[in-house]
Amino acid sequence: MSLDQTIHSESDQTLFESISNDIIEKGYSIRPNALPSDLTHLLLQHIIELPTKDFKRAGIGRTKDHQVNDSIRTDEISWITNDSKANYAWLNWTDALQAYLNRHLYLGLFSFESHFSHYAKDDFYKKHKDAFKGEGNRVLSVVVYLNEHWSATDGGELVIYEKESSPSSGGDNSKITVTPSFGTLVFFLSEEFPHEVLPAKRDRYSIAGWFRLNNSIANNIDPPR
Ligand code: OGA
Ligand code: MN
C-alpha cells in the first residue's frame, strides 16, 4: 500500500506537519484528539469486538528471550494485521505518516508494527524504554488512545520522562503526564524516552506501535516483532 494509491485529506497533511515539527524540536509529540474521529471510532469498535482469545499476556524482550513478567507489565495485547476494515484503515494512515516523516525528517523508517493493548482495572506497565541504543530497530514509538469519557480519577496515565538532565539541573527529570483520552496521539523517539503506564482504574484501550529501520543483514532476516 503506497501513499500514491490513497488520497489523504488536507487535515492529515497539517497533522503530519505538526507531528514532524514537534519531533524535530523536542523528540516527542502529544496531540490530543488528533487521530481522525471516524478512524478512532472504527478502531474502538474493532477492539471491543475482538474475541478475548485474541488477547495474550504481553511479554518483555524480543522473540528469543520473550517472557511474561508480572512485576513489569500486566496488560494483554493483540498484534495488528491487515485483516479487517479498521486495521486496514489504521495501517493505511500509519503508512502515509511514515512516508511523510521519511520525506521531512530523513529517519529512514522502513516498516511498522503495532498491537492493541487492553489494561484491565489495576493493570500497569512499569518504567521502560521501547528500544536500546545500538540495537537500532525501533526508531519512533506511537500510542493512540481509544477511551471515551476518561476522567482524572480513572488513572492509567502515560508518564514520559524527559531526557536525562545534567547534574547542574539537580538531576531532576521532568515528567510529562498524558491522559489516555479518545483520539489522543503520542509519539516519541524510542531510544530516548523512558515511560510508564500508571495503574488504570477501569478498562483502558490503546494501540502501541513502532516505526522501524530495516535491520535485515545478509542471511539474518530481522522481521518486525
Ligand atoms: C508500550 C507502552 C503505552 C500506553 O506498549 O510499550 O509503553 O500508554 N504503552 O499504552
Ligand atoms: Mn512502551
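Residues numbered from 1 in each chain as written. Chains lettered and ligands numbered in written order. Predicted model: local features only at pLDDT ≥ 70, side-chain atom pairs only at ≥ 80, totals over all residues. Heavy atoms only, no water.

### Some details on the coordination of the manganese ion (ligand 2)
Those protein atoms acting as donors to the manganese ion (ligand 2) are H128 (NE2), D130 (OD) and H195 (NE2), and they sit at 2.1 to 2.2 Å. Going along the chain, you hit the donors of the manganese ion (ligand 2) in the pattern H-x1-D-x64-H. You can see D130 sitting in the loop between strand 5 (125-128) and strand 6 (138-145) and its partner H195 sitting in strand 10 (residues 195-197), a full 65 residues away along the chain. H195 carries the same exposure label as D130, and that label is buried. (Donors = N, O, S within 2.8 Å, 3.2 Å for Na, K, Ca; no water. Helix = DSSP H or I, 4+ residues; strand = E, 2+ residues; numbered from the N terminus. Buried < 20%, exposed > 50% of the residue type's maximum accessible area, 1.4 Å probe, protein only.)

### Section: the packing of aromatic side chains
One pass over the full model with this rule turns up 7 aromatic pairs. Both rings, one in W79 and one in W210, keep their centres 6.4 Å apart while their planes meet at 50°; by these two values the pair is tilted. With W79 in strand 3 (residues 76-79) and W210 in strand 11 (residues 204-212), the pair connects residues that are 131 residues apart, well separated along the chain. Residue W79 is classed as partly exposed on the basis of its relative accessible area, which comes to 28%. Here W210 falls in the buried class, since its relative accessible area comes to 6%. Geometrically, the ring pair formed by F112 and F211 is tilted, given 4.5 Å between the ring centres and 40° between the ring planes. You can see F112 sitting in strand 4 (residues 111-119) and its partner F211 sitting in strand 11, a full 99 residues away along the chain. The structure contains a cluster of three or more aromatic residues connected by ring pairs, namely F16, W90, W93, Y100, F112 and F211. Here K127 stacks its cationic end above the ring of Y161, 4.1 Å away from the centre of that ring. Lying across the ring of W210, R138 places its NZ or CZ 3.7 Å from the centre. (Phe/Tyr/Trp six-rings, centres within 6.5 Å; stacked < 30°, edge-to-face > 60°. Lys NZ or Arg CZ within 6 Å of the ring centre and 35° of its normal.)

### Quick notes on the pattern of salt bridges
The full count for this structure, using the stated rule, is 7 salt bridges. Here K53 and D54 are joined by a salt bridge, their closest N and O atoms 3.1 Å apart. Using a relative accessible area of 61% as the deciding quantity, one classes K53 as exposed. A salt bridge links R138 to E113, with the nearest nitrogen and oxygen atoms 3.0 Å apart. Of this pair, R138 sits in strand 6 while E113 is found in strand 4, placing the two residues 25 residues apart along the sequence. The burial state of R138 is the same as that of E113; both residues are buried. A cluster of three or more residues bridged by salt bridges with shared partners is formed by E113, R138 and R212. (Salt bridge = Lys/Arg side-chain N within 4 Å of Asp/Glu carboxyl O.)

### Structural notes on the packing of helix 1 (residues 10-26) against helix 3 (residues 85-105)
In the contact formed by helix 1 and helix 3, the axes pass within 10 Å of each other and the chain directions differ by 50°. Relative to helix 3, the element helix 1 is oriented oblique. Read as a crossing pair, helix 1 and helix 3 show a hand that is right-handed. Contact residues: D12, Q13, L15, F16, E17, I19, S20, I23 and I24 in helix 1; W93, A96, L97, Y100, L101, H104 and L105 in helix 3. Split into classes, the residues belonging to the contact of helix 1 with helix 3 amount to 11 nonpolar, 3 polar and 2 charged. (Axes fitted to C-alpha atoms, helices over the stretch in contact; angles between N-to-C directions. Parallel < 35°, antiparallel > 145°, perpendicular 65-115°, else oblique. Left-handed = near helix turned anticlockwise from the far one by under 90°. Contact = heavy atoms within 4.5 Å. Nonpolar A, V, L, I, M, F, W, Y, C, P; charged D, E, K, R; others polar.)

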